[in-house]
Amino acid sequence: MTTFALRPTEPAKRPDDPGKTRRRRRSAAAVREGLAGWGFVGPALLIVLGLTVFPGVWALILSFQSWDGFSPATFIGGQNYADLVTDDGVRAAVVHTVLYTVLFVPASLLLGLALAVALNRRIRFIGLYRTAIFVPFVASVAATGILTTYLFSPQFGIVNNVLRVLHLPQQGWLEDRGEAMLVIVIMSLWGQAAFTTVIYLAALQDVPGDVIEAARIDGANAWQTFWRVVWPHLGPVTAFVAIYQTLQAVQLFDLVYATTRGGPLDATQTIVYYLWKTAFQNLQFGYGSAIAYGMFFVTLVATVVVTLVQRRAGRSSF
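About the criteria used
Residues numbered from 1 in each chain as written. Predicted model: local features only at pLDDT ≥ 70, side-chain atom pairs only at ≥ 80, totals over all residues. Heavy atoms only, no water. Helix = DSSP H or I, 4+ residues; strand = E, 2+ residues; numbered from the N terminus. Rg over C-alpha atoms; globule rule 2.2 N^0.38 Å. Buried < 20%, exposed > 50% of the residue type's maximum accessible area, 1.4 Å probe, protein only. Contact = heavy atoms within 4.5 Å. Areas by Shrake-Rupley, 256 points an atom, 1.4 Å probe, with all protein chains shown as cover. Lys, Arg positive; Asp, Glu negative; His and termini not counted. Charge placed at Lys NZ, Arg CZ, Asp CG, Glu CD. Core = buried A, V, L, I, M, F, W, Y, C linked by side-chain atoms within 4.5 Å. Expected span 1.5 Å × (residues − 1). Arc of directions from axis to C-beta. Phe/Tyr/Trp six-rings, centres within 6.5 Å; stacked < 30°, edge-to-face > 60°. Salt bridge = Lys/Arg side-chain N within 4 Å of Asp/Glu carboxyl O. Axes fitted to C-alpha atoms, helices over the stretch in contact; angles between N-to-C directions. Parallel < 35°, antiparallel > 145°, perpendicular 65-115°, else oblique. Left-handed = near helix turned anticlockwise from the far one by under 90°. Nonpolar A, V, L, I, M, F, W, Y, C, P; charged D, E, K, R; others polar.

Caption draft 1: Fine view of the overall build of the protein. Regarding its fold elements, the protein presents 13 helices and two strands. Taking 318 residues into account, the globule formula puts the C-alpha radius of gyration at 20 Å, and the protein, at 31 Å, lies well above it. Dimensions along the principal axes, computed over C-alpha positions, put the protein at roughly 140 × 75 × 40 Å. Within the protein, the proportion of its 318 residues that are buried is 34%. Considering only contacts in the protein between residues 6 or more positions apart, those separated by 24 or more positions represent 61%. Surface summary for the protein: the accessible area is close to 20500 Å², and the carbon and sulfur share equals 66%. Each charge class in the protein was averaged separately, 24 positive and 17 negative side chains, and the resulting centres sit 15 Å apart.

Structure below.
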């Protein structure tokens, strides 16, 4: 008698869900696209991180050390930060920086606003005028420094030559302690007012035209229209420009380096220039790093406070 073994029957395979297959394909394509994107962005990201994060962390470590760049670094804790409080050079540099900021920022806002109002018109060659205003902003600092020396040199400068022709007393300008910072402010305005002008010009063009027309129909003159209608729309922009220009003023270095080198008699020595001289001339890299981080925390706190005040006032620009 022959016996037959019964084998279990295999379940029939169900066809794959077309929707699930499409989802898997889309997921695989998304992964490939992500990897391709990181492949393009990765090298640039590594360079940016290497030029920002690594120097920042290294400077923070150096701020707790004493190092001249050659001998081994010595850990001294918070001594560098304690020295900031008693350093007369830091105190003088802070005073010069505050003086420059007080002179430069309001003048930059007023000049930029005035130029923006003047350029916010439909006149012939308006594009040429706007381009001419913006040219100094893209000029190199070296060119600006050469121009500053050419204009305000006490011996052969154009400004003193004009004063001589007009029989007016000539000035010391870059060689006078009381006038050197004023020259720096003037040339900074020449180079930086274009940025403020462009921002204000964009904000003016964003003001609703029907609101201005309604004010004119109601009998408001040009000044009343600007002060009562246009100016309230410029509040957030003004706050943004003021903060930005203040940060730029606190970081003033290049124009001082290209013209006065902190002179005469340290009258134009700003905090950043003092930082550079401390670190790269006196080879006190630890103390220079402490100055840098002290300035960083002060500007950070000031920016946060101003931003919070603006937000509470309902005129946030960020």
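This is not the end of the story, as more comes after the structure.
Caption draft 2: Region of interest: the nonpolar core. Counting residues in each nonpolar core, the largest one holds 36 residues, and the members touching the most others are Tyr 100, Phe 104, Ile 184, Tyr 200, Val 230 and Leu 234. If you list the elements that add at least two residues to this core, you get helix 3 (88–119), helix 7 (180–205), helix 8 (209–217), helix 9 (222–233), helix 10 (235–250) and helix 11 (254–259). Per element, the largest residue contribution to this core is 10 residues, and it comes from helix 7. Not counting residues up to four positions away in its chain, the partners in contact with Tyr 100 are Met 181, Ile 184, Val 185, Ser 188, Ala 249 and Leu 252.

Caption draft 3: Representation of helix 10. Taking 1.5 Å per residue, 16 residues should reach 22 Å; helix 10 reaches 23 Å between its end C-alpha atoms and fits that length. Within the span of helix 10, buried status applies to Gly 235, Val 237, Thr 238, Ala 239, Val 241, Ile 243, Gln 245, Ala 249 and Val 250. In this fold, the buried residues of helix 10 make contact with helix 3, helix 7, helix 9, helix 12 (271–281) and helix 13 (285–312).

Caption draft 4: Spatial organisation of unusual backbone geometry. Residues Gly 263 and Pro 264 are joined by a peptide bond in cis, for which omega reads -5°. One can find Pro 264 in the loop between helix 11 and helix 12. Positioned with a positive phi, Leu 265 is a non-glycine residue whose angle comes to about 55°. With respect to the helices and strands, the residue Leu 265 is situated in the loop between helix 11 and helix 12. Look at Asp 266: it is not a glycine, yet its phi comes out positive at around 65°.

Caption draft 5: Highlighting helix 5 (residues 141–152). An ideal rise of 1.5 Å per residue puts 16 Å on 12 residues; helix 5 measures up with 16 Å between its terminal C-alpha atoms. Listed in full, the buried residues belonging to helix 5 are Thr 144, Gly 145, Thr 148 and Phe 152. The arc enclosing the buried residues of helix 5, seen along the axis, measures out at 100°, which places them on a common side. Among the structural elements, helix 6 (158–165), helix 7 and helix 11 are those in contact with the buried residues of helix 5.

Caption draft 6: Highlighting the packing of aromatic side chains. In this structure the tally under the stated criterion is 20 aromatic pairs. Judged by centre distance (5.6 Å) and plane angle (25°), the ring pair of Phe 253 and Tyr 257 falls under stacked. Here Tyr 257 falls in the partly exposed class, since its relative accessible area comes to 32%. An angle of 40° between the planes, with centres 5.5 Å apart, marks the rings of Tyr 273 and Trp 276 as tilted. In this pair, Tyr 273 and Trp 276 both sit in helix 12, three residues apart, roughly one turn of the helix.

Caption draft 7: Quick look at the pattern of salt bridges. A full pass over the atoms with the stated rule returns one salt bridge. The salt bridge involving Arg 91 is made with Asp 88; its shortest N-O contact spans 2.6 Å. One end of the pair, Arg 91, and the other, Asp 88, are both in helix 3, three residues apart, so they sit about a helical turn from each other. The exposure class of Arg 91 is partly exposed, given its relative accessible area of 42%.

Caption draft 8: Structural detail: the packing of helix 5 against helix 7. Running from N to C, helix 5 and helix 7 cross one another at 130°; their axes reach a closest spacing of 11 Å. In terms of axis orientation, helix 5 runs oblique to helix 7. Every pair of crossing elements has a handedness; the one defined by helix 5 and helix 7 is right-handed. Here helix 5 contributes Thr 144, Leu 147, Thr 148, Leu 151 and Phe 152 to the contact with helix 7, which in turn contributes Val 183, Ile 186, Met 187 and Trp 190. Looking at the contact of helix 5 with helix 7 residue by residue, the classes come out as seven nonpolar, two polar and no charged.

Function-wise, these values are silent; they only describe arrangement.
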